[in-house]
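Observations on chain architecture
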Amino acid sequence: MLTLYYAKGTAALPVHIALEEAGAGYDLHLLEFANKDHLQPGYLAINPKGRVPALVTPDGVLTETPALLAYIGQVFGAAKLIPDTPFGFAQAQEFNLYLAATVHVAHAHKHRGARWSDDAASQEAMRAKVTQNMTECAALIEARYLQGPWVMGEQYTVCDPYLFLVARWLKGDGVDDSAFPKILAHRARMEARPAVQAVLKHHD
Ligand SMILES: N[C@@H](CCC(=O)N[C@@H](CS)C(=O)NCC(=O)O)C(=O)O
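Residues numbered from 1 in each chain as written. Predicted model: local features only at pLDDT ≥ 70, side-chain atom pairs only at ≥ 80, totals over all residues. Heavy atoms only, no water.

**Some remarks on the packing of helix α3 (residues 65–75) against helix α4 (residues 86–108)**
Contact geometry for α3 and α4: axes closest at 9 Å, N-to-C directions at 150 degrees. With respect to each other, α3 and α4 are oriented roughly antiparallel. Handedness of the crossing formed by α3 with α4: right-handed. Facing α3, whose interface residues are Pro66, Leu69, Ala70 and Gln74, α4 presents Phe89, Gln93, Asn96, Leu97 and Ala100. Of the residues belonging to the contact of α3 with α4, the class tally is 6 nonpolar, 3 polar and no charged. (Axes fitted to C-alpha atoms, helices over the stretch in contact; angles between N-to-C directions. Helix = DSSP H or I, 4+ residues; strand = E, 2+ residues; numbered from the N terminus. Parallel < 35°, antiparallel > 145°, perpendicular 65-115°, else oblique. Left-handed = near helix turned anticlockwise from the far one by under 90°. Contact = heavy atoms within 4.5 Å. Nonpolar A, V, L, I, M, F, W, Y, C, P; charged D, E, K, R; others polar.)

Listed below in structure tokens is the structure:
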């Protein structure tokens, strides 16, 4: 059995969707950031980084969203949530790692500037760059990565729920998402999927 530790509307969302799409058996453990559940000793013993998601598997704990997505894709191979060629899988990893290492970090500069500076003016300067940086990220995704109808083309993969998370951030980050019709259409396609609808009930 798998256990997903999650907080609502966070990077745990794509992992939750992937588990649902895979038809996996899993338990959910909700952490409330407002209560600092993610910083309590019980959770830090599971993930010393104090972040979500974390997935407890029969082989041990996994953290980092791209790793969890790749794991789910491989363990539940019949669901075909990852490309089955080395190049295709590397392309999916390229996309997911771009979201994790660049896009998520650009987004985090809005509320999490204290990770990088203790200086209030520096944190404000970081916040001021969020719209520009996220717009540039969206432009790259729109032009280079999102093949359509799904990120990897005809095959729905673990890249899709991850893009869905980012698409949900754009407006709040000040991005004019009407400039990105492929991302908007992809978001609508995601919202129409029963697995996504079922998972979103846990994240409202
Ligand atoms: N690199 C990690 C980032 C995880 C992460 O930063 N998650 C956020 C939620 S989206 C979090 O747990 N934030 C809590 C905090 O910063 O205190 C991943 O891709 O899983």
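**Some thoughts on the site of the ligand**
Taken together, 13 residues lie near the ligand, and Arg51, Val52, Glu64, Thr65 and Arg115 sit nearest. Contacts to the ligand include Val52, whose backbone N or O atom sits 2.8 Å from a nitrogen atom. In the environment of the ligand, a nitrogen atom lies 2.6 Å from a nitrogen or oxygen atom belonging to the side chain of Glu64. Burial of the ligand by the surrounding chains reaches 86%, relative to a free accessible area of 520 Å². Residues belonging to the shell around the ligand are distributed by class as follows: 5 nonpolar, 4 polar and 4 charged. (Near = heavy atom within 4 Å. Polar contact = N/O pair within 3.5 Å; in protein donor to acceptor, adjacent residues only side chain to side chain. Areas by Shrake-Rupley, 256 points an atom, 1.4 Å probe, with all protein chains shown as cover.)

**As for the sheet that holds strand β1 (residues 2–6)**
Taken in spatial order, the 4 strands of this open sheet run β2-β1-β3-β4, and their pairing is mixed. Each edge of the sheet is formed by a strand with only one pairing partner; in this case those strands are β2 (26–30) and β4 (60–63). Direction aside, the axes of adjacent strands within the sheet are offset by 20 degrees on average. Across 5 bridges, the pairing between β1 and β2 is parallel. The partner of Tyr6 across the bridge, within β2, is Leu30. In the packing of helix α1 (residues 12–22) onto the sheet, contacts are made with β1, β2 and β3 (54–57), and the angle to β1 comes to roughly 150 degrees. (Pairing = 2+ DSSP bridges.)

**Concerning the packing of aromatic side chains**
If you walk through the whole model with that rule in mind, you get 4 aromatic pairs. The interplanar angle of 40 degrees and the centroid separation of 5.5 Å between the aromatic rings of Tyr5 and Tyr43 together place this pair among those described as tilted. Of this pair, Tyr5 sits in strand β1 while Tyr43 sits in helix α2 (residues 41–44); the two residues are 38 residues apart in sequence, bridging distant segments of the chain. Of the two residues examined, Tyr5 and Tyr43, each falls in the buried class. Measuring from ring centre to ring centre gives 5.0 Å for Trp150 and Tyr156, while their planes differ by 90 degrees; the resulting arrangement is edge-to-face. Pair check on accessibility: Trp150 and Tyr156 agree, each one buried. An aromatic cluster is present here, built from Phe95, Tyr98 and Tyr145 joined pairwise through their rings. When the ring centre of Trp150 is taken as origin, the NZ or CZ atom of Arg193, which lies over that ring, is 5.2 Å away. Residue placement shows Arg193 over the ring face of Tyr156; its charged tip is 3.5 Å from the ring centre. (Phe/Tyr/Trp six-rings, centres within 6.5 Å; stacked < 30°, edge-to-face > 60°. Buried < 20%, exposed > 50% of the residue type's maximum accessible area, 1.4 Å probe, protein only. Lys NZ or Arg CZ within 6 Å of the ring centre and 35° of its normal.)

**Some details on the pairing of β1**
Counting buried positions along β1 yields 5 of 5 residues, so the element is predominantly enclosed. Neither face of β1 is exposed, since Leu2, Leu4 and Tyr6 on one face and Thr3 and Tyr5 on the opposite face are all buried. Each parallel crossover has a hand, and the one from β1 via α1 to β2 is right-handed. Two elements, β1 and β3, share 3 bridges in a ladder whose sense is antiparallel. Pairing of Thr3 across the sheet is with Val56, part of β3. (Right-handed = clockwise from strand over helix to strand, strands pointing away.)

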